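Structural overview
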Amino acid sequence: MQYLLDTHVLIWWITSDKRLSQKAHDMIMPHRNTLFWSVVSTWEISIKHSLGRLVFEEPPEELLPFELERNRLETLLIMNEHAFRAGQLPRHHRDPFDRMLVAQAQIESIGIISNDQKLRQYDVNVLW
């Protein structure tokens, strides 16, 4: 199966946060599924880190590439089609980062691993 990780999921995974559900944990385990990481999540982390809302031992530009490779996550770029879809989505969710994840999951026909209940209002398979 193929899944797109929501931003908080990778953060909880790499920090061993207990908020990560057992089901999500099992789906992330190496070699079980094809996992994608959107560059919109990299952008979100970069912004939150620069605002002091996310603190890591290493800067995100060092931590993320290492973790993406270590966890064998495939990078999902933002294409024009994704951007158009994100703009056309119903306003169930106001967060532009999450709206982009929904758009990408819809267009790429992949599920999203996320604890965000608002994503369930969209036509996308959300797993937690």
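Above this text you will find the structure in question.
Definitions and cut-offs
Residues numbered from 1 in each chain as written. Predicted model: local features only at pLDDT ≥ 70, side-chain atom pairs only at ≥ 80, totals over all residues. Heavy atoms only, no water. Helix = DSSP H or I, 4+ residues; strand = E, 2+ residues; numbered from the N terminus. Buried < 20%, exposed > 50% of the residue type's maximum accessible area, 1.4 Å probe, protein only. Pairing = 2+ DSSP bridges. Salt bridge = Lys/Arg side-chain N within 4 Å of Asp/Glu carboxyl O. Patch = residues over 30% accessible without salt bridge, like charges linked within 9 Å, V, L, I, M, F, W, Y side chains within 5 Å. Areas by Shrake-Rupley, 256 points an atom, 1.4 Å probe, with all protein chains shown as cover. Phe/Tyr/Trp six-rings, centres within 6.5 Å; stacked < 30°, edge-to-face > 60°.

**A closer look at unusual backbone geometry**
Even without being a glycine, Ser 16 presents a positive backbone phi close to 55 degrees. Of note, Ser 16 is situated in the loop between helix H1 (7-14) and helix H2 (22-28). One non-glycine residue, Arg 72, lies in the positive phi region at around 55 degrees. Inspection of the secondary structure assignment puts Arg 72 in the loop between helix H4 (60-70) and strand E3 (73-76). Looking at Arg 72, the relative accessible area reads 55%, which means it is exposed.

**So, the pairing of strand E2 (residues 34-38)**
Of all five residues in E2, four are buried; the element is thus mostly enclosed. Where strand E1 (residues 2-5) and E2 come together, three bridges link them in parallel fashion. Bridge pairing in E2 places Tyr 3 opposite Leu 35. With four bridges connecting them, E2 and E3 associate as parallel partners. Of the residues in E3, the one forming a bridge with Trp 37 is Thr 75.

**Here's the deal with the pattern of salt bridges**
A side chain of one charge can pair with a side chain of the opposite charge when the charged atoms of the two come close. Per the counting criterion, the structure on display carries three salt bridges. Between Arg 19 and Asp 17 there is a salt bridge, and its shortest N-O distance comes to 2.8 Å. For Arg 19, a relative accessible area of 52% translates into the label exposed. Note on Asp 17: relative accessible area 21%, which makes it partly exposed. Its salt-bridge partner being Glu 67, residue Arg 70 comes within 2.8 Å of it at the nearest N-O pair.

**Describing a nonpolar patch on the surface**
Nonpolar side chains collect at one region of the surface, where Trp 43, Ile 47 and Leu 51 lie side by side and expose about 320 Å² of accessible area between them. Secondary-structure assignment places Ile 47 in helix H3 (residues 39-50).

**Observations concerning the packing of aromatic side chains**
The tally for this structure, following the rule as stated, stands at two aromatic pairs. Aromatic pair Trp 12 and Trp 128: ring centres 5.9 Å apart, planes at 70 degrees, arrangement edge-to-face. Placement of Trp 12 in helix H1 and of Trp 128 in the segment after strand E5 (126-127) is noted, with a sequence separation of 116 residues between them. For Trp 128, a relative accessible area of 19% gives the class buried. On the numbers, 5.1 Å between centres and 80 degrees between planes, the contact of Trp 43 with Phe 97 is edge-to-face. A residue pair is termed long-range when its members are at least 10 positions apart, and Trp 43 in helix H3 and Phe 97 in helix H6 (residues 96-108) qualify at 54 residues. Residue Phe 97 is classed as buried on the basis of its relative accessible area, which comes to 13%.

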